[in-house]
Amino acid sequence: MNIFTVVKHLGLVLVLAAGLAAQESYEGRPATRLANDKIELLTVDKGGAFASLRLLDDARKVNPMWEPGRMVREAGGTPRFGDSMGHFVCVDGFGPSSADEKKAGLEAHGEAHRLPWEKLGLVREGAKQTLRYRVTLPVVQETFRRQMELVDGEQVVYVESELENLLGFDRPVNWAEHATIGAPFLAPDITVVDASVGRCETRPHDKRPNNRTLAPGVEFTYPIAPRQDGSLRNLRTVPNPPNSMDHVGCLMDPNQEHGWVTAINTKERLMIGYLFRRAEYPWLQEWLNFPPSGQLSRGLEFGTQPYDVSRRDAISRGTMFGVPTYRWLPAKGKIGSRFLMFWTRVPEGMDRVESVEWKAGSLSVKGAGRTVVLPASLGL
């Protein structure tokens, strides 16, 4: 059965978003609140970005997501930001568009995050809520559907998506989840990032902008990356003081069925993490944007290609480390994806993650001799 087809049966209640999913706003933009007794998620209706994720019992209301508007305002400026914020989806396209694509109306990172999404409403069945969206992408002639599921008593958001080809031929597509954390959750020497990756490459570049620090186009094993000056840098943390902007592309561990990435603020003892199917998202790009202003952001971008490059570049490259850098979408067909996003406290002393696993209704996160177990009834 198609997950986006609402089936009428005993005990199933269909409620419009004005009901269980509260209409709110984020930075003056219409947003929808999906919440249970543990966490709340704000999704911006235009572009579908996950803009805010909070624990309901957190008095400090810490949000791990990148909030560019707030950062600019706190720095004394006037927020002028587009639809890139928090965790947004890049489909179909992950990177800049060509001159011809721009003329045709296709901007960077695809159309989905720039268009208003049609909110289909909220389904509650027992303890589970499901919020559904749909958006048609007119330039690339595709339809994107997304649903978020939340179960009472859990701190996990289940995200399932579907991309439909409206044209009658097979085509390569580019799809990335631009999951981005930001200050103050992201802080020098305090926030640590771990992922199920090993084999990586620093992004090839021409040394612009001038605050790039990593040697371009060099293979390395995560998290120790080579600098341009010959020294080494541990990518788990933000340098102190911050003053750099780099990219790396990493292959998710091919020996694991699932991929994962986490970020822990060791001072607040809070962790955000993602668990996903490696076959659907074989790559992780990290955007390491650490300006001296302290308006830090870090992309934990899992997707179909190692770097946010143009469609032509991704498809022309074909593979990296022997793994494809795009995904096929069949003629008049559909492809899908699913991932879990979790937000939780961690015990004292947990300053790294070594594994994330879902099994038998629980999500287990282990590291530094400690374990966090979260109820996760739906799984992958």
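Everything discussed here concerns the structure shown above.
In this report, the structure presented in the accompanying data block is examined. (Residues numbered from 1 in each chain as written. Predicted model: local features only at pLDDT ≥ 70, side-chain atom pairs only at ≥ 80, totals over all residues. Heavy atoms only, no water.)

**What about the overall build of the chain?**
Consideration 1: When you go through the chain residue by residue, the secondary structure sums to 3 helices and 30 strands.
Consideration 2: Relative to the 2.2 N^0.38 estimate, which gives 21 Å for 380 residues, the radius of gyration of the chain is 20 Å and therefore close to what a compact globule would have.
Consideration 3: Considering only C-alpha atoms, the chain reaches an extent of 65 × 50 × 45 Å along its principal axes.
Consideration 4: Of all 380 residues assigned to the chain, the portion counted as buried reaches 55%.
Consideration 5: Considering only residue pairs separated by 6 or more positions, the chain has 61% of its internal contacts joining residues 24 or more positions apart.
Consideration 6: Summing over all exposed atoms, the chain offers an accessible surface of approximately 15500 Å²; the carbon and sulfur share of this is 50%.
Consideration 7: Positive and negative side-chain charges of the chain, numbering 47 and 45 respectively, have mean locations separated by a distance of 1 Å. (Helix = DSSP H or I, 4+ residues; strand = E, 2+ residues; numbered from the N terminus. Rg over C-alpha atoms; globule rule 2.2 N^0.38 Å. Buried < 20%, exposed > 50% of the residue type's maximum accessible area, 1.4 Å probe, protein only. Contact = heavy atoms within 4.5 Å. Areas by Shrake-Rupley, 256 points an atom, 1.4 Å probe, with all protein chains shown as cover. Lys, Arg positive; Asp, Glu negative; His and termini not counted. Charge placed at Lys NZ, Arg CZ, Asp CG, Glu CD.)

**Comments concerning the pattern of salt bridges**
It is possible for side chains of opposite charge to pair when their charged atoms get near one another.
Consideration 1: By the definition in use, this model includes 28 salt bridges.
Consideration 2: Put simply, Glu149 and Arg338 hold a salt bridge, and the shortest N to O gap is 3.4 Å. Remark: Arg338 occurs in strand E27 (residues 334-345) and Glu149 occurs in strand E9 (residues 142-151); sequence separation between them is 189 residues.
Consideration 3: Take Glu149: its relative accessible area is 8%, and that puts it in the buried class.
Consideration 4: With a shortest N-O distance of 3.7 Å, Glu201 and Arg317 are connected by a salt bridge. Of the two residues, Glu201 is situated in strand E15 (residues 197-202) and Arg317 in helix H3 (residues 311-317); the sequence distance between them amounts to 116 residues. (Salt bridge = Lys/Arg side-chain N within 4 Å of Asp/Glu carboxyl O.)

**Regarding the layout of surface pockets**
Consideration 1: Estimates place the volume of the second largest pocket at around 220 Å³.
Consideration 2: Around the second largest pocket, the lining is made up of 14 residues, and of these Arg60, Val62, Pro184, Phe185 and Glu268 lie nearest the centre.
Consideration 3: Residues of the lining of the second largest pocket, tallied by class, amount to 5 nonpolar, 2 polar and 7 charged. (1 Å grid on protein atoms, 1.4 Å probe; cavity = no way out; pocket = protein on both sides within 12 Å on 5 of 7 lines; lining within 4 Å. Points joined across faces, edges and corners; volume = space filled by probe spheres on them. Nonpolar A, V, L, I, M, F, W, Y, C, P; charged D, E, K, R; others polar.)

**Here we look at the state of the cysteines**
Consideration 1: Summed over the entire model, instances satisfying the criterion amount to 1 disulfide.
Consideration 2: One disulfide in the model links Cys200 with Cys250; its S-S distance is 2.1 Å. The chirality of the disulfide connecting Cys200 with Cys250 is right-handed, given an S-S dihedral of about 110 degrees. You can see Cys200 sitting in strand E15 and its partner Cys250 sitting in strand E19 (residues 244-252), a full 50 residues away along the chain. Like Cys200, the residue Cys250 is buried in the burial classification.
Consideration 3: Looking at the unpaired Cys90, the closest cysteine sulfur is the one in Cys250, lying at 17 Å. (Disulfide = S-S within 2.5 Å.)

**Focus: the sheet that holds strand E30 (residues 370-375)**
Consideration 1: Here 3 strands make up an open sheet; going across it, the order is E28-E29-E30 and the pairing antiparallel. Sheet topology places strand E28 (355-359) and E30 at the edges, where each strand pairs with a single neighbour. For this sheet the average axis-to-axis angle between neighbouring strands, irrespective of direction, equals 15 degrees.
Consideration 2: Two elements, strand E29 (residues 362-367) and E30, share 6 bridges in a ladder whose sense is antiparallel. When the bridges of E30 are listed, Lys366 appears paired with Thr371. (Pairing = 2+ DSSP bridges. Axes fitted to C-alpha atoms, helices over the stretch in contact; angles between N-to-C directions.)

**A few points about the environment of Arg33**
Consideration 1: In this fold, Arg33 is placed in strand E3 (residues 29-35).
Consideration 2: Residue class for Arg33 comes out partly exposed when judged on its relative accessible area of 24%.
Consideration 3: Spatially, the C-alpha atom of Arg33 lies 31 Å from that of Ser293, the residues being 260 residues apart in sequence.
Consideration 4: Polar contacts involving the side chain of Arg33 include one to the side chain of Glu40, which spans 2.6 Å. (Polar contact = N/O pair within 3.5 Å; in protein donor to acceptor, adjacent residues only side chain to side chain.)

**So, the pairing of strand E5 (residues 50-55)**
Consideration 1: The buried count for E5 comes to 5 of 6 residues, which makes it a mostly enclosed element.
Consideration 2: In this structure, strand E4 (residues 39-44) lies alongside E5, joined through 5 bridges in antiparallel fashion. Bridge pairing links Leu41 to Leu53 in E5.
Consideration 3: Taking the residues that link successive antiparallel strands as the turn, the E4-E5 hairpin has 5 residues, and the phi of Gly47 there is positive, at about 95 degrees.

**Digging into the packing of aromatic side chains**
Consideration 1: As enumerated under the stated definition, the model contains 15 aromatic pairs in all.
Consideration 2: Residues Tyr281 and Phe339 carry aromatic rings whose centres are separated by 6.3 Å and whose planes lie at 70 degrees to one another, so their mutual orientation is edge-to-face. Within this pair, whereas Tyr281 is found in the loop between strand E21 (270-277) and strand E22 (283-290), its partner Phe339 is found in strand E27, the two being separated by 58 residues in sequence.
Consideration 3: Taking the relative accessible area as the measure of exposure, Tyr281 reaches 1% and is therefore buried.
Consideration 4: Given a relative accessible area of 0%, Phe339 falls into the buried group.
Consideration 5: Look at Tyr326 and Trp328: their rings are 5.8 Å apart centre to centre, the planes differ by 85 degrees, and that puts the pair in the edge-to-face class. (Phe/Tyr/Trp six-rings, centres within 6.5 Å; stacked < 30°, edge-to-face > 60°.)

**Focus: unusual backbone geometry**
Consideration 1: Here Tyr222 and Pro223 are connected by a cis peptide whose omega angle stands at 10 degrees.
Consideration 2: Counting through the fold element by element, Pro223 comes out in the loop between strand E16 (219-221) and strand E17 (224-226).
Consideration 3: Phi angles above zero are rare outside glycine, and Lys332 is one such case at about 50 degrees.
Consideration 4: Relative to the elements of secondary structure, Lys332 occurs in the loop between strand E26 (327-329) and E27.
Consideration 5: Overall, the relative accessible area of 60% leaves Lys332 in the exposed class.

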